[in-house]
Amino acid sequence: MASRLDRINRFLEGVRREKREIVTPEGVALEIELANRGERALAFILDLFFWTMAILFLGLVFGLLLAEKINGAVAVTLVLFAAFLLRNFYFIHFELTTQGATPGKRIVGLKVIDAAGGPLTPSAVVARNLTREVETFLPLSLFFSLEAGGGGWLTRAAYLVWLALVSALPFFNRDRRRAGDFIGGTLVIAAPKRALLADLGAQRTTYAFTRPQLDAYGAFELQVLEELLRRPRTAESETVLAQVCERVCRKIGWQGAAPRADAREFLNAFYVAERAHLEHEQLFGRYRADKSSTPGAN
Amino acid sequence: MSASTSEPIELAAPMPVVTLRSAEFRKGREAAWRDLEALIARVEGKGVAGLTADEMQRLPTLYRTAISSLSVARAIALDRNLILYLEALALRAYFIVYGPRAGFAETLWVFLKRGFPTAARSHLGAIGVAFLAILAGTAVGFALAVGDESWLTLLTPDGLAGGRSAASTAAQLRDGEIFAPWQGFVASFVVFANALFRNNATVAILCFALGVAGGAPTFVLLFYQGLIFGAFVALHYNRGLLVDFLGWVSIHGVTEFGALILCGAGGLAIAAAIVTPDRFTRVENLSREGRQAAALAGGGVLMLFVAGLIEGGFRQLVASTPGRFAFAAATALAWGLYFAYAGREARRGE
């Protein structure tokens, strides 16, 4: 079903999303969209930013509270330790309590799910985030500690190569999983929110269409028309509608008054009639995918 | 045009104005969808705790309504916006209804009570192999360094040696290391324990993660830790400090080596999952085994935290060798009982 709708996305926006399917315990198959690698990188950078802010804040608090009681080295160690705890628990805590989404993921609209579609267990969350320590933070901190203490360029290059290899892993498997996703058995998906818009079928009009006229199109054309009608009113969209209106009139052999004056109203009326017709046909097992397919073939 | 040519145009009468079935369907259920959407938005923001008891009860019912609405909409409606909305709504609700319920504290508690000891009990083989790797390393390290102490400098990274080398005298080792004076609370517990913990945690996590590379690197790393330890044992053995040194090490070493062995066992379990996937695919088997293995490693890191505290603090507070052995025996007994019995009753009760 959703793959039919996906065809319209590709047609109108040129967007193509990798899809997977999970089946709920109620036996309904739900489509999920894999997150893009760019989105995941952005979410991670956001999380990294929040984490750094928290560490800076902690450092400030330690500095103000304990400035006179302890020396600098102790304060630095405390902050380092807090950083270690915080980055481990930041990801685990948020992925557990807010349905698989850290603040960064929530902003970008991503979610961690169990790859098999089952419940996301705490052990999976712990596993995927513990692996993150090895994937990213360990080589990074080693790299920067070398920077301070000095070390061979060979060692330093090795850390960078490790980092590059691990970050490249999502490019080399079809589910775009990183090492932690393999060990935890998880996927990261895009979970967009969608608004329910007003039903276009609610408007009443005076145009009437014959059955052969309505037989000219299928569901694909109907839903493209729906998308066009839902676009905000601009000069550009009105021009597009006028062109579409002209082509529709030619296709169905429209005899009546030329609806040049208000293409939108005419197309809306045609949309309602076409949808009623196609839904009726679908109910009797004659679903028609598009204008060139035969009814019921699906 | 093909449609209009197939039927003669004069037969077609204008269609009567029909009410849309899908629009009627939407009218009847829209209130429930909106209700569900509002609840979901609140849970996604504040977690399940943000809902009242009444709303919690309503959530599964509303979810089932949305799921059945989706099935119906797929069958009867051609309204694209409606179907996409229901797909997204059902998916978001699904993750909340079947999502994780436990918070961080509860997860940690269940993990310590059941997950960690259970994982350890079910990986006795891997734990044995990891233990043997360290033991073999210790034996080889001892054999190498007991004859030629320059091996010690060769084997040990600069940061860990702490000024100890082939040139150290027995008196230096005894007064500066084994029975070093207590340095005060902050320096011992905070700074030193911290440095040790971070160093050990790095090694332990590496042991675990290198399991992905087929197990050999984990084995080598464990063996190497044993080598270093064996070389130090040889250094002290040559100066007649063997018993005192073992006391000094064992007070925290029981916990620390235990943690290292568990992390290593986690790595080996991952390696086994990849190398011998049995009747599953490698990826499937990795995620089946990976969680248990990660439980071993995560628990191991927590153990290292305990070991760091003992090493940084208690070791110099307990300044006699018999006392240290007693402390070590007590920790060994405590860990042994924990891994042998924790979580067993709970499993039987389920």
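Residues numbered from 1 in each chain as written. Chains lettered and ligands numbered in written order. Predicted model: local features only at pLDDT ≥ 70, side-chain atom pairs only at ≥ 80, totals over all residues.

The helix and strand tally for chain A stands at 11 helices and 4 strands. Residue burial in chain A is summarised as follows: out of 298 residues, 32% are buried. Intrachain contacts of chain A at a sequence separation of at least 6 include 64% that bridge at least 24 residues. (Helix = DSSP H or I, 4+ residues; strand = E, 2+ residues; numbered from the N terminus. Buried ≥ 20, exposed ≤ 12 C-beta atoms within 10 Å, placed from the backbone. Contact = placed C-beta atoms within 7 Å.)

Let us look at the overall build of chain B. The secondary structure content of chain B amounts to 15 helices and 0 strands. Per-residue burial for chain B yields a buried fraction of 43% across its 350 residues. Within chain B, contacts between residues separated by at least 24 positions form 80% of all contacts whose residues are at least 6 apart in sequence.

Turning our attention to the interface of chain B and chain A. It is common to give the size of an interface as the accessible area lost on bringing the parts into contact. If you look at the interface, chain B gives 68 residues, while chain A gives 80 residues. Contributing elements (two or more residues each) for the side of chain B that touches chain A: α1 (2-6), α2 (21-46), α3 (53-76), α4 (80-97), α5 (104-121), α10 (185-209) and α13 (282-317) of chain B. Of all the elements, α4(B) adds the most residues to the side of chain B that touches chain A, at 13 residues.

The nonpolar side chains of soluble globular proteins are, as a tendency, buried together. Grouped together as the largest cluster of nonpolar side chains are 142 residues, with contacts concentrated most on Ala66(B), Ala90(B), Ala130(B), Ala204(B) and Cys263(B). What Ala66(B) contacts, discounting residues up to four positions off in sequence, is Trp33(B), Leu36(B), Leu86(B), Leu89(B), Ala90(B) and Ala93(B). (Core = buried A, V, L, I, M, F, W, Y, C linked by C-beta atoms within 7 Å.)

Residues and elements named next belong to chain A. The element strand β4 (residues 186-190) is extensively covered by neighbouring structure, given that 4 of its 5 residues are classed as buried. Looking at chain direction, strand β2 (residues 29-34) and β4 are connected through 2 bridges and run antiparallel. Paired with Glu33 across the two strands is Ala190, which belongs to β4. (Pairing = 2+ DSSP bridges.)

All names here are of chain A. With respect to topology, 4 strands assemble into an open sheet ordered β1-β2-β4-β3, the strand pairing being antiparallel. Every other strand in the sheet has two partners, leaving β1 (19-23) and β3 (110-114) as the edge strands with one partner each. Averaged over all pairs of adjacent strands, the angle between strand axes in this sheet comes to 50 degrees, irrespective of strand direction. Inspection of the sheet shows β1 paired to β2 by 5 bridges, in the antiparallel sense. (Axes fitted to C-alpha atoms, helices over the stretch in contact; angles between N-to-C directions.)

Residue and element names in this part refer to chain A. Running from N to C, helix α10 (residues 235-252) and helix α11 (residues 263-283) cross one another at 50 degrees; their axes reach a closest spacing of 9 Å. The orientation of α10 relative to α11 falls into the category oblique. Along this stretch, α10 crosses α11, giving a crossing that reads as left-handed. Taken together, the residues of α11 that come into contact with α10 (itself represented by Leu241, Ala242, Val244, Cys245 and Val248) are Ala263, Arg264, Phe266, Leu267 and Phe270. Across the contact of α10 with α11, the residue classes break down as 9 nonpolar, no polar and 1 charged. (Parallel < 35°, antiparallel > 145°, perpendicular 65-115°, else oblique. Left-handed = near helix turned anticlockwise from the far one by under 90°. Nonpolar A, V, L, I, M, F, W, Y, C, P; charged D, E, K, R; others polar.)

All names here are of chain A. Of note in this structure, Arg176 is not a glycine but carries a positive phi near 55 degrees. Positionally, Arg176 belongs in the loop between α6 (153-168) and α7 (179-184). Judged by C-beta crowding, with 19 C-beta atoms within 10 Å, Arg176 ranks as partly exposed.

Turning our attention to the confidence of the model for chain B. Residue and element names in this part refer to chain B. For chain B, the average pLDDT comes to 81, and 83% of its residues sit at 70 or higher. When mean pLDDT is compared element by element in chain B, helix α6 (residues 124-147) scores highest at 92, while α1 scores lowest at 42. At the level of chain-chain contacts, confidence expressed as ipTM amounts to 0.80, with global pTM at 0.75. (pLDDT = per-residue confidence, 0-100.)

Residue and element names in this part refer to chain B. When the terminal C-alpha atoms of α6 are compared, their 35 Å separation across 24 residues agrees well with the 34 Å that a helix rising 1.5 Å per residue should span. Restricting attention to buried positions, one finds in α6 the residues Ala126, Ile127, Val129, Ala130, Ala133, Ile134, Gly137, Thr138, Gly141, Phe142 and Ala145. Packing partners of the buried residues in α6 comprise α5, α7 (150-155), α11 (216-238) and α12 (242-275). (Expected span 1.5 Å × (residues − 1).)

The next point concerns the packing of α6(B) against α11(B). All names here are of chain B. Two numbers describe how α6 lies on α11: the axes approach to 6 Å, and their chain directions differ by 40 degrees. What the angle tells us is that α6 and α11 run oblique. As α6 packs across α11, the resulting crossing turns out to be right-handed. Across the contact of α6 with α11, the residue classes break down as 23 nonpolar, 7 polar and no charged.

Our focus in this paragraph is the environment of Ile251(B). Residue and element names in this part refer to chain B. Within the secondary structure, Ile251 sits in helix α12. Given 28 C-beta atoms within a 10 Å radius, Ile251 is considered buried. For the pair Ile251 and Ala213, spaced 38 residues apart in the sequence, the C-alpha separation amounts to 33 Å. Each residue touching Ile251, except ones within four places of it in the same chain, is listed here: Ile310, Phe314, Arg315, Val318, Arg324, Phe327 and Ala328.

Turning to α11(B), a few remarks are in order. An ideal rise of 1.5 Å per residue puts 33 Å on 23 residues; α11(B) measures up with 32 Å between its terminal C-alpha atoms. Positive backbone phi, approximately 70 degrees, marks Gly240(B), located one or two places after α11(B).

Moving on: the environment of Ser168(B). Of note, Ser168(B) is situated in the loop between α8 (158-161) and α9 (170-178). Sequence separation between Ser168(B) and Thr255(B) is 87 residues; the distance between their C-alpha atoms is 27 Å.

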